[in-house]
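Overview (structure and organization)
Spelled out, the chains give:
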Amino acid sequence: MYALYITHPQVRIDADVPVPHWGLSELGVERTRKASALPWAKTLRRIVSSAENKATETAQIVASVSGVAVETVPNMHENDRSATGFLPPDQFEAAADWFFAHPHASYKGWETAIDAQARIVSAVETVLADHDPMLPIAFVGHGGVGTLLKCHLAGSQITRSTDQPAGGGNLFCFTLADRRITCDWTAMETWQGETWQGMRL
């Protein structure tokens, strides 16, 4: 069986509100609803989310069709960027490039990429340690740590070249049996599900 890592889609950006408290924008809600209408969303038997608002909002919409309760795991939060506070988009993109290019160093007080990777990998593996491997599960979180998790699963170095497309609201899929990535970043509202033992799930 498989696991999904889903990133929240577009958010309402507000420089006066701490980033973890941002919620989904109208477009983000619309995209998530489209994704939740697809057959794969109904097959999920466990949904585990970061505790940040934009992630839990995404998870709740997806969970509304599967009938499962959303679990939150605080350690699934995005890389800690509180040291710099809000950065305008162009400055943020430059900072993110530096973050991925220097995984063992801190960008102006940010959590390092290597520490963020260890945290998200530990959070996911802790959940999976007592999860029934025959049940599909989704983790709902953020693009930065999602990319770090993806690098770990792929056995590759940390690099932003494996980051999700702009805008968020993407997913990748990996097997529960051997943690093998079977689907690269795909927009969540276009993914058609995973084939398992001859059946489309």
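Here is what the cut-offs are and how they apply
- Residues numbered from 1 in each chain as written.
- Predicted model: local features only at pLDDT ≥ 70, side-chain atom pairs only at ≥ 80, totals over all residues.
- Heavy atoms only, no water.
- Helix = DSSP H or I, 4+ residues; strand = E, 2+ residues; numbered from the N terminus.
- Rg over C-alpha atoms; globule rule 2.2 N^0.38 Å.
- Buried < 20%, exposed > 50% of the residue type's maximum accessible area, 1.4 Å probe, protein only.
- Contact = heavy atoms within 4.5 Å.
- Areas by Shrake-Rupley, 256 points an atom, 1.4 Å probe, with all protein chains shown as cover.
- Phe/Tyr/Trp six-rings, centres within 6.5 Å; stacked < 30°, edge-to-face > 60°.
- Lys NZ or Arg CZ within 6 Å of the ring centre and 35° of its normal.
- Pairing = 2+ DSSP bridges.
- Axes fitted to C-alpha atoms, helices over the stretch in contact; angles between N-to-C directions.
- pLDDT = per-residue confidence, 0-100.
- Core = buried A, V, L, I, M, F, W, Y, C linked by side-chain atoms within 4.5 Å.
- Salt bridge = Lys/Arg side-chain N within 4 Å of Asp/Glu carboxyl O.

So, about the overall build of the chain. From N to C terminus, the chain includes six helices and eight strands. When the helices and strands of the chain are listed from N to C terminus, the series reads β-α-α-β-α-β-α-α-β-α-β-β-β-β. What you see for the chain is a C-alpha radius of gyration of 16 Å, in line with the 17 Å of a compact globule of 201 residues. Counting only C-alpha atoms and orienting by the principal axes, one finds that the chain spans roughly 50 × 35 × 25 Å. Looking at the chain residue by residue over its 201 residues, the buried ones come to 51%. Put simply, 64% of the contacts in the chain that link residues at least 6 apart link residues at least 24 apart. As presented, the chain carries roughly 9,200 Å² of accessible surface, and 54% of it is formed by carbon and sulfur atoms.

Here the focus is the packing of aromatic side chains. Under the definition given, this model contains eleven aromatic pairs. Both rings, one in Tyr-2 and one in Trp-191, keep their centres 6.0 Å apart while their planes meet at 75°; by these two values the pair is edge-to-face. On the criterion of sequence distance, the pair formed by Tyr-2 in strand β1 (residues 2–7) and Trp-191 in the loop between β6 (181–187) and β7 (195–196) is long-range, its members being 189 residues apart. The pair formed by Tyr-2 and Trp-191 is uniform in burial state, with each residue classed as buried. Relative to Phe-100, the ring of Phe-99 lies with its centre 5.2 Å away and its plane at 85°, an arrangement referred to as edge-to-face. Like Phe-99, the residue Phe-100 is buried in the burial classification. An aromatic cluster is defined as three or more aromatic residues linked by ring pairs; in this entry it consists of Phe-92, Trp-98, Phe-99, Phe-100, Tyr-107 and Trp-110. Against the face of Trp-110 rests Arg-81, its NZ or CZ located 5.9 Å from the ring centre.

A word on the sheet that holds strand β5 (residues 170–175). The six strands are arranged β3-β2-β4-β1-β5-β6 in an open sheet whose pairing can be described as mixed. Either end of the sheet is taken by a strand with one partner, and the two such strands are β3 (70–72) and β6. When the angles between neighbouring strand axes are averaged without regard to direction, this sheet yields 20°. For β1 and strand β4 (residues 137–141), the ladder comprises five bridges, and the chain directions are parallel. Its bridge partner being in β4, Leu-4 is matched across the sheet by Ala-138. Set on the sheet, helix α3 (residues 53–66) makes contact with β2 (46–49), β3 and β4; between it and β2 the angle comes to about 170°. Here helix α5 (residues 113–129) sits on the sheet and contacts β2, β4 and β5; the angle it forms with β4, its principal contact strand, is near 155°.

This part is about the pairing of β1. Along any regular strand, the residues point their side chains to alternate faces of the sheet. Most of β1 is tucked away, with six of its six residues classed as buried. Every second residue of β1 is oriented toward a common face, with Tyr-2, Leu-4 and Ile-6 on one face and Ala-3, Tyr-5 and Thr-7 on the other, all of them buried.

Turning our eyes to something else, we now look at the confidence of the model for the chain. Predicted coordinates in regions of low pLDDT should not be interpreted in detail. Across the chain, the average pLDDT comes to 94, with 97% of residues at or above 70. Contacts for the low-pLDDT stretch residues 196–201, under 50 throughout, to residues beyond four places or in other chains number 14 contacts.

Attention now goes to the nonpolar core. One finds Leu-4, Trp-40 and Phe-139 to be the most contacted residues of the largest nonpolar core, which totals 52 residues. By residue number, the principal contributor to this core is α5, which donates eight residues. Those residues in contact with Leu-4 that lie beyond four places of it in its chain are Trp-40, Leu-44, Ile-137, Ala-138, Phe-139, Leu-171, Phe-172, Cys-173 and Trp-191. Core analysis: the second largest hydrophobic core is formed by five residues, Val-11, Trp-22, Leu-24 and Val-29 among them.

With that settled, the discussion passes to the pattern of salt bridges. Taken as a whole and assessed by the stated rule, the structure comprises twelve salt bridges. Glu-125 is the partner of Arg-179 in a salt bridge, and the nearest nitrogen-oxygen pair spans 2.9 Å. Placement of the pair is Arg-179 in the loop between β5 and β6 and Glu-125 in helix α5, with a sequence separation of 54 residues. Accessibility expressed as a relative area gives 22% for Arg-179, which makes it partly exposed. One salt bridge connects Asp-184 with Lys-150, and the closest N-O pair in it is separated by 3.1 Å. One end of the pair, Asp-184, is in strand β6; the other, Lys-150, is in helix α6 (residues 143–154), with 34 residues separating them in the sequence. Taken together, the salt bridges that share partners define one network made up of Glu-93, Asp-97, Arg-160 and Asp-163.

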